[in-house]
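# Architecture and fold: a report
Here are the chains, one letter per residue:
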Amino acid sequence: MALSWRSWLANEGSKHLFLFFWLSLNVWLFWKTFLLYNQGLQYYYLHQMLGLGLCVSRASASVLNLNCCLVLLPMCRVILAFLRGSQKVAGKKTRRLLDKSKTFHVTCGVTICIFSVLHVAAHLVNALNFSENYSEEFLALNAANYRGEFKCCLMSLLVPGLTGVIMVLVLFLMCTASTFAIRVSNYDIFWYTHNLFFVFYMLLMLHVSGGVLKYQTNLEEHPPGCFNPNRTLRQNLTVPKAFEELFPDYTTEPFPEDLPVPEPFVQNHFMRICSEEPKFQSHFPETWFWISGPLCLYCVERLYRYIRSNKPVTITSVISHPSNVLEVRMMKDDFEARPGQYVILHCPRVSALESHPFTLTMCPTDTKATFGVHIKIVGDWTERFRDLLLLHSNQDTEILPIFQQRRYPKLYVDGPFGSPFEEALNYEVSLCVAGGIGVTPFASVLNTLLDGWKCYKLRRLYFIWVCRDIESFCWFADLLCMLHNKLWQENRPDYINIQLYLSQTDGIQKIIGEKYQALNSRLLIGRPQWKLLFDDIAKCNRRKTIGVFCCGPNKISKILHKLSNSSNSYGTRFEYNKESFS
């Protein structure tokens, strides 16, 4: 299969180039900091004592500062949604970079883990060197109290050492709970451990305030390696103690600073004369500069989100659909959303701290204020939420009117937030592929087109929906039929191409009836032939750019991604957009 470099650059190349740039930036920052501490005169005496452990510990710390600074920015969802919806980010390529925010967050997290290990190892070497290379000449520079004080040396670094150990434990919990296996098996563990980031940042601010590593402040008065006549005279001339007591006026005087030193002596020994002892000072905690801005920005955003979502929504109806799917329709004052966006639901009666994101399947418009979500009942949270909403769980479908609102639990909505599917209406041609409950992002797009399609750039939509059982199509069968009939009435039946694929055929004759005749001819048995499908779309849309949107299993996503990067003989380019779920 030939590879189109243009398609690769549009789909995957930008991400790879950005990751390469980010890796290069981290390596460059590490190397520059390494050279600074290895060659900088202000660190001469500290380097003589600690060796390369100093350079590695400080270089890794600079990389950690950068990544701890930026790892929070991709989690500022309100800012990302604002940038996506603002006119300042006009290009699709620029907006598509915002879709990589999660990838960037993960990249920063992995970088933090790697360089944290390097940082800890370097400081263990530093603690050993502090003990082994103890010098009485530079007491202010020593972290140890005497030679061989390795264990006590670690205890003397109480604040940096203790906070460092706790941070490593917190980081270990966050990293292990972020693995795919744990997120799938028990999402609660991932959610709770990830919220330990606040503890991590508080410890980080304390960690850098220890002031263990110091630099020399008086380089002009005391160049590293200089000749100090005062020290030399005091070391070489010893006066008996009894003589000092009897004749105090004849005790050793400091070597006069203005005494001329023979020029040949300086030239032959390549030494400079220093006028005072070296003075050392701890660095101001630079980490505070790195993380204070993003941390304050994130805290302000979370405060804004809390204020925005502190009023519960009004639940207008609850509908139980086949195949364990629950539809919740709500109303909220001044709530606005775009097709493809998602919200975060929080129900205190289900969990005081836990909340979950759900894609909007219905957005508010100028004519109606109702918005809704479809929830697949999987896991403890969704099961408890369903039991609270449905009064009679033995009924297949239940619509509860507003006057029974007092029986609903309080539900808070945070959002909306942006997603890649907002771009589905910004292409002239879009291909939307859904797997099972992954149809929810496209439901809001279809609902929007039902209200009116002429105001959007989209002129042709390919909608592919793959399900295991026939009952799943009932979630949005009415919506698909209404949109199909509307387009036929407006003489645009070619506007949308619907293909429904059923991977299992048991009970097919029970569901399909006259109510959904418009969908019967579009129902196919088996799985799509993706290569043939892409070739057919490329042939019908020569030399056009087609937006490919996928929400479904990773297996389908990988196939579509590969095909989007492939070349074709029609000059058609596919731009891939994806949202995956587990």
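Everything numeric in this text was worked out from a predicted model, so none of it was measured. (Residues numbered from 1 in each chain as written. Predicted model: local features only at pLDDT ≥ 70, side-chain atom pairs only at ≥ 80, totals over all residues. Heavy atoms only, no water.)

## Brief notes about the overall build of the protein
Looking only at helices and strands, one finds 22 helices and 14 strands in the protein. Within the protein, buried positions represent 46% of all 582 residues. Of the roughly 30,900 Å² of accessible surface on the protein, a fraction of 60% belongs to carbon and sulfur atoms. (Helix = DSSP H or I, 4+ residues; strand = E, 2+ residues; numbered from the N terminus. Buried < 20%, exposed > 50% of the residue type's maximum accessible area, 1.4 Å probe, protein only. Areas by Shrake-Rupley, 256 points an atom, 1.4 Å probe, with all protein chains shown as cover.)

## Side note on the UniProt feature "transmembrane region" (unreviewed entry) in the protein
Residues annotated by UniProt as "transmembrane region" (unreviewed entry) correspond here to residues 20-39, 59-83, 104-125, 157-182 and 189-208. Secondary structure content for residues 59-83 is 76% helix and 0% strand, and the end C-alpha separation is 34 Å. Taken as a whole, residues 189-208 contains 85% helix and 0% strand, while its terminal C-alpha atoms sit 29 Å from one another. (UniProt positions renumbered as here; feature names shortened; annotations may be inferred.)

## Focus on helix H16 (residues 380-389)
Within the span of H16, buried status applies to Trp 381, Thr 382, Phe 385 and Leu 389. Projected down its long axis, H16 carries its buried residues within an arc of 90 degrees, all on one side. Looking at the buried positions of H16, the neighbouring elements they touch are strand E3 (314-321), strand E4 (325-331), strand E5 (342-346), strand E6 (356-362) and strand E7 (371-376). (Arc of directions from axis to C-beta. Contact = heavy atoms within 4.5 Å.)

## Considering the sheet that holds E4
Here we have six strands laid out as an open sheet, ordered E3-E4-E7-E6-E5-E8, and antiparallel in their pairing. Of all strands in the sheet, those with a lone pairing partner are E3 and strand E8 (412-417), marking the two edges. Taken pair by pair, the neighbouring strands of this sheet meet at an average axis angle of 35 degrees, ignoring direction. One ladder, built from four bridges, connects E5 with E6; its direction is antiparallel. Counterpart to Ile 344 in the pairing with E6 is Pro 357. Across the sheet, H16 is in contact with E3, E4, E5, E6 and E7; its angle to E4 comes to roughly 65 degrees. Most of the contacts of helix H17 (residues 440-451) go to E6, to which it runs at about 30 degrees, and overall it touches E6 and E7. (Pairing = 2+ DSSP bridges. Axes fitted to C-alpha atoms, helices over the stretch in contact; angles between N-to-C directions.)

## Side note on the nonpolar core
Judged by nonpolar contacts, the single largest core of 41 residues is most densely connected at Leu 449, Phe 463, Trp 465, Ile 496 and Leu 500. If you list the elements that add at least two residues to this core, you get strand E9 (429-435), H17, strand E10 (460-467), helix H18 (477-489), strand E11 (496-502), helix H20 (517-520) and strand E13 (545-552). Sort the elements by how many residues they give to this core and H18 lands first, with six residues. In this view, Leu 449 contacts Leu 425, Leu 458, Leu 461, Leu 483, Lys 486 and Tyr 495; residues no more than four positions away in its chain are not counted. Of all hydrophobic cores here, the second largest spans 38 residues; its members include Tyr 37, Phe 104, Phe 115 and Tyr 298. (Core = buried A, V, L, I, M, F, W, Y, C linked by side-chain atoms within 4.5 Å.)

## Re the packing of helix H11 (residues 197-207) against helix H15 (residues 286-308)
Two elements in contact, H11 and H15, have axes separated by 11 Å at closest approach and are oriented at 150 degrees. By the angle class used here, H11 and H15 are roughly antiparallel. In this structure, H11 crosses over H15, and the sense of that crossing is left-handed. Seen from H11, the contacting residues are Phe 197, Tyr 201, Met 202, Leu 204 and Met 205; seen from H15, they are Thr 287, Trp 288, Ile 291, Leu 295 and Tyr 298. Residue classes in the contact of H11 with H15 are distributed as nine nonpolar, one polar and no charged. (Parallel < 35°, antiparallel > 145°, perpendicular 65-115°, else oblique. Left-handed = near helix turned anticlockwise from the far one by under 90°. Nonpolar A, V, L, I, M, F, W, Y, C, P; charged D, E, K, R; others polar.)

## Considering the packing of aromatic side chains
One pass over the full model with this rule turns up 21 aromatic pairs. Ring centres of Phe 335 and Phe 371 lie 4.1 Å apart, and the angle between their planes is 20 degrees; on these two criteria the pair is classed as stacked. Here Phe 335, found in the loop between E4 and E5, pairs with Phe 371, found in strand E7; they are 36 residues apart in sequence, far enough to count as distant. We note that Phe 335, like Phe 371, is buried. Between the aromatic rings of Trp 465 and Phe 473, the centroid separation amounts to 5.1 Å while the plane-to-plane angle is 85 degrees, which identifies the pairing as edge-to-face. Looking at Trp 465, the relative accessible area reads 0%, which means it is buried. Judged by relative accessible area, which is 6%, Phe 473 ranks as buried. An aromatic cluster is present here, built from Phe 421, Tyr 427, Phe 442, Phe 463, Trp 465, Phe 473, Trp 475, Phe 476 and Phe 549 joined pairwise through their rings. One cation-aromatic arrangement involves Arg 77 over Phe 417; the distance from NZ or CZ to the ring centre is 5.9 Å. (Phe/Tyr/Trp six-rings, centres within 6.5 Å; stacked < 30°, edge-to-face > 60°. Lys NZ or Arg CZ within 6 Å of the ring centre and 35° of its normal.)

## Some details on a nonpolar patch on the surface
A cluster of nonpolar side chains, Val 106, Val 110 and Ile 114, forms an exposed patch at the surface whose accessible area comes to about 260 Å². Mapping Val 110 onto the fold places it in helix H6 (residues 101-132). (Patch = residues over 30% accessible without salt bridge, like charges linked within 9 Å, V, L, I, M, F, W, Y side chains within 5 Å. Salt bridge = Lys/Arg side-chain N within 4 Å of Asp/Glu carboxyl O.)

## Here's the deal with the pairing of E3
Taking burial as the measure, the eight residues of E3 include seven buried ones, the bulk of the element. Both E3 and E4 contribute to a ladder of seven bridges, which runs antiparallel. Note that in E4 the partner of Val 318 across the bridge is Val 328. Hairpin connection between E3 and E4: a loop of three residues separates the two successive antiparallel strands, and Ser 323 in this loop has a positive phi of roughly 60 degrees.

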